[in-house]
Amino acid sequence: MSSDARATAVDADLPAAAAEIFVADIAADMAPVSQPARQAPVVLRLVNVGKCYHMYDKPQDRLKQAFMRWRGKKYYRDFWALRDVNLEVRRGEAIGIVGRNGSGKSTLLQIIAGTLAATTGSVEIAGRVAALLELGSGFNPEFTGRENVYLNAAVLGFSKAEVDAKFAAIVEFADIDEFIDQPVKTYSSGMMVRLAFAVQVQVEPDVLIVDEALAVGDALFQKRCYQRLDELRSKGVTLLFVSHDQESVRTLCDRAILLDHGKPVANGASGDVLLAYRKLLHEEEKRYFAGAIKARTGDSLGTSKPNEKATSNTTAVRLRSVRDASFGDLDAEVVRVTVQDANGAPISYVTSGDAMRICVRVAVRKQLTRVNVALRIRNKQGVKICSWGTFSQDLAALARGEDDIFWRRVFEPGDEFEVTFVFDCTLGTDLYEVQAAVVEELDLSYMSQRIVHWRDEAAFFQVAVQRPDELTVREHPSRNFFGGVCDLRMHATVRADVDMRAEDAR
Ligand SMILES: Nc1ncnc2c1ncn2[C@@H]1O[C@H](COP(=O)(O)OP(=O)(O)O)[C@@H](O)[C@H]1O
Ligand SMILES: [Mg+2]
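Just so we're clear, the structure is a prediction, and the values are computed from it rather than from any experiment.

Trainee: I tried to follow the overall build of the protein on my own but got confused; where do I start?
Mentor: Of the regular secondary structure elements, the protein holds 15 helices and 20 strands. Scored against the burial criterion, the 506 residues of the protein give a buried share of 35%. Taking the intrachain contacts of the protein between residues at least 6 apart in sequence as the baseline, contacts between residues at least 24 apart amount to 71%.

Trainee: For this particular structure, what's the right way to read the packing of helix 7 (residues 160-174) against helix 8 (residues 189-202)?
Mentor: Helix-helix packing: each pair is described by the crossing angle between the helix axes and the interaxial distance. Taken N-terminus to C-terminus, the directions of helix 7 and helix 8 make an angle of 140 degrees; their axes are 8 Å apart at the nearest point. Between helix 7 and helix 8, the interaxial angle falls into the category oblique. Here helix 7 runs over helix 8; the crossing is right-handed. Along its contact with helix 7, which presents K166, A169, I170, F173 and A174, the element helix 8 presents R194, L195, A198, V199 and Q202. Residues of the contact of helix 7 with helix 8, tallied by class, amount to seven nonpolar, one polar and two charged.

Trainee: What is the right way to look at the environment of V89 in this model?
Mentor: On the secondary structure map, V89 appears in strand 2 (residues 77-90). Looking at V89, the number of C-beta atoms within 10 Å reads 23, which means it is buried. Residues V89 and V43, 46 residues apart in the sequence, show an inter-C-alpha distance of 6.0 Å.

Trainee: Just to check I follow, could you spell out the nonpolar core for this structure?
Mentor: The nonpolar side chains of a soluble globular protein tend to be buried, and buried together. Core analysis: the largest hydrophobic core is formed by 75 residues, its most contacted members being I209, F241, A256 and V273. Sorting elements by how many residues they give to this core places helix 8 first, with nine residues. If you look at the next biggest cluster of nonpolar residues, it comprises 35 residues, including V362, V371, V438 and V452.

Trainee: What is the right way to read the pairing of strand 7 (residues 238-242) from this model?
Mentor: Looking along a regular strand, one sees the side chains alternate between the two faces of the sheet. Of all five residues in strand 7, five are buried, a share of seventy percent or more. Neither face of strand 7 is exposed, since T238, L240 and V242 on one face and L239 and F241 on the opposite face are all buried. Both strand 3 (residues 94-98) and strand 7 contribute to a ladder of three bridges, which runs parallel. Residue pairing across strands places A94 opposite L239, the latter belonging to strand 7. When strand 6 (residues 207-211) meets strand 7, the two strands line up parallel, connected through five bridges. Across the sheet, the residue bridging to I209 is L240, located in strand 7.

Trainee: Would you take a moment to explain the site of ligand 1 for this structure?
Mentor: Near ligand 1 you find Y53, A81, G99, N101, G102, S103, G104, K105, S106 and T107, and these make up its full shell. Counted by class, the shell around ligand 1 contains two nonpolar, seven polar and one charged residues.

Trainee: What am I meant to see in the environment of A153 here?
Mentor: Along the chain, A153 falls in helix 6 (residues 145-155). Residue classification places A153 among the buried residues on the basis of 22 C-beta atoms within 10 Å. Dropping the residues within four chain positions of it, A153 is found in contact with F158, V163, V199 and V203.

Trainee: What should I look at first to understand the sheet that holds strand 18 (residues 416-424) in this one?
Mentor: Hydrogen bonding along the main chain pairs the strands of a sheet, whether they run parallel or antiparallel. Read across the open sheet, the three strands follow the order 11-13-18; overall the sheet is antiparallel. Unpaired on one side and paired on the other, strand 11 (332-341) and strand 18 mark the two borders of the sheet. Adjacent strand axes in the sheet meet at a mean angle of 20 degrees when their direction is disregarded. Two elements, strand 13 (residues 355-364) and strand 18, share nine bridges in a ladder whose sense is antiparallel. Bridge pairing links R361 to E418 in strand 18.

Trainee: Mind showing me how you'd approach the confidence of the model for the protein here?
Mentor: For any part of a model where pLDDT is low, the fine detail of the predicted coordinates should not be relied upon. Residue-level pLDDT values for the protein average 80, and 82% of them are 70 or greater. Every residue in residues 1-37 scores below 50 in pLDDT, and together they form 69 contacts with partners more than four places removed in sequence or on other chains. In this model residues 296-324 is a low-confidence stretch, pLDDT under 50, and it forms 50 contacts with partners more than four residues away in sequence or in other chains.

Trainee: Is there a simple way to explain the sheet that holds strand 3 in this structure?
Mentor: Across the sheet, six strands lie side by side as 5-6-7-3-8-9; this open sheet has mixed pairing. Two strands close off the open sheet at either side, each with one partner strand: strand 5 (129-132) and strand 9 (263-269). Pairwise comparison of adjacent strand axes, ignoring direction, gives a mean angle of 15 degrees for this sheet. Against the sheet, helix 5 (residues 105-113) touches strand 3, strand 5, strand 6, strand 7 and strand 8 (255-260), its axis set at about 150 degrees to strand 6. Its contacts with the sheet place helix 8 against strand 5 and strand 6, and it is angled at close to 165 degrees to strand 5.

Trainee: Just to check I follow, could you spell out helix 8 for this structure?
Mentor: Residues lying three or four places apart along an α-helix face the same way, a consequence of the helix completing one turn every 3.6 residues. Here helix 8 contains 14 residues, and its C-alpha end-to-end distance of 20 Å stays within 8% of the 20 Å for a straight helix at 1.5 Å per residue. By the criterion of burial, helix 8 is predominantly enclosed, with twelve of the 14 residues buried. All of the buried residues in helix 8 are M191, M192, V193, R194, L195, A196, F197, A198, V199, Q200, V201 and Q202. As for helix 8, its buried residues are in contact with strand 5, helix 6, helix 7, strand 6 and helix 9 (219-234). A positive backbone phi angle near 50 degrees is found at E204, which sits one or two residues after helix 8.

Trainee: I tried to follow the pairing of strand 13 on my own but got confused; where do I start?
Mentor: One ladder, built from nine bridges, connects strand 11 with strand 13; its direction is antiparallel. If you follow E333 over to strand 13, its bridge partner there is A363.

Rules and cut-offs
Residues numbered from 1 in each chain as written. Chains lettered and ligands numbered in written order. Predicted model: local features only at pLDDT ≥ 70, side-chain atom pairs only at ≥ 80, totals over all residues. Helix = DSSP H or I, 4+ residues; strand = E, 2+ residues; numbered from the N terminus. Buried ≥ 20, exposed ≤ 12 C-beta atoms within 10 Å, placed from the backbone. Contact = placed C-beta atoms within 7 Å. Axes fitted to C-alpha atoms, helices over the stretch in contact; angles between N-to-C directions. Parallel < 35°, antiparallel > 145°, perpendicular 65-115°, else oblique. Left-handed = near helix turned anticlockwise from the far one by under 90°. Nonpolar A, V, L, I, M, F, W, Y, C, P; charged D, E, K, R; others polar. Core = buried A, V, L, I, M, F, W, Y, C linked by C-beta atoms within 7 Å. Pairing = 2+ DSSP bridges. Near = placed C-beta within 6 Å. pLDDT = per-residue confidence, 0-100. Expected span 1.5 Å × (residues − 1).

Below, the structure written as structure tokens:
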């Protein structure tokens, strides 16, 4: 494929393989629920539920509103944190609620839990609701764990005798026995949520609401919580669940709702809704990074024109480069980082398996030697995938007995040079951030360094793994279909004549 053709492919948005994972229809209809759930009685019904806040631009507007209401003037804006929520949940169903921060998930759960009044619509609930809304919600910090358990359970409608009977089980589940008579304010956030969860699940609610609370517990506690949630579900408890962990929503919930700016935009089988959510995130991310790339290079992700030079905006980049996500002594400066295909044409999109290059341009301000120009590649989750630099190469060369290495080069003020990093992209489908740095390695130990200039978010690129077809395999023999963070370039060998009995006998 020529570089022009590839740039056109970038224009045409993501290629088929990457698009495949985002097939869910955002406006998905209600998916059919499983048979037993369909027959089960409705325990929760929301009709046109909405929550509107009055937003005042200035504090004095709030006062004006209070005193001059009779004039009929409005000093606030309406802000709908939640709007048009219609939902019917049957006994034993588990509903996940997903959406970005601020999309209205907690608002919805608080309205269902009864701790927040809706502005519009109606909420009907049959049975007892227990809620794990936020950290230690309902706990009084001055009281001991024991006192809080009794208070909490009383709020849920339990008698002292009932709590007495369950107390031991609650403390055991929370796993905090030696702290139960200490004030809750001395608890760690993990302990607090353990106790809160233990109370809420021991009281056997009909509807259990969990809002991101479990994330603060440790891994072992989380595992026990999920086991307990499973148990409760098999007993017919209805679950409303908010979590940032998409996998737990997928495994725990049959259905999910996606909220966007307070509105339900997808409602259906949790797998489909999570796809819709990822699609939404992906589109926002593309917009965000397109802006970030534009700000830095004048190029933008997904819209680079074949004949538009990435260098066109170099001056602007230089002016900006010292600010942003960068630091260092600035004896030299990373002025431009470009992601390129094997022919040196700027790209923002790479097919896994293809050769690629990252070119770092450095402008020298003060005399400089012992230089290491390094790259770091991070994925969207911030995981460092690889960090490598000219110094790594120099050390290997020295070990081979070569002496003419980059580290010994001397640069003068006004010099500019470019380092091109060439590699095969064996990365999995994701969006990657390039950090670039000029470092002075004071000796050959790799132990003492001075950061000359370090730039976060120096460039971005998107990688997609494509399913190879006959044609592309001939053109690009290195392309391989795989899942995960990177291609380990595996091979499989098969032995056909294995005699199991002979092997066992050995
Ligand atoms: N008391 C409040 N006054 C004004 N706006 C609020 C208030 N509480 C929440 N909001 C706004 O409502 C929106 C939804 O918030 P929330 O339900 O907490 O979102 P989520 O849980 O999905 O992150 C947000 O934009 C938030 O800033
Ligand atoms: Mg929330």
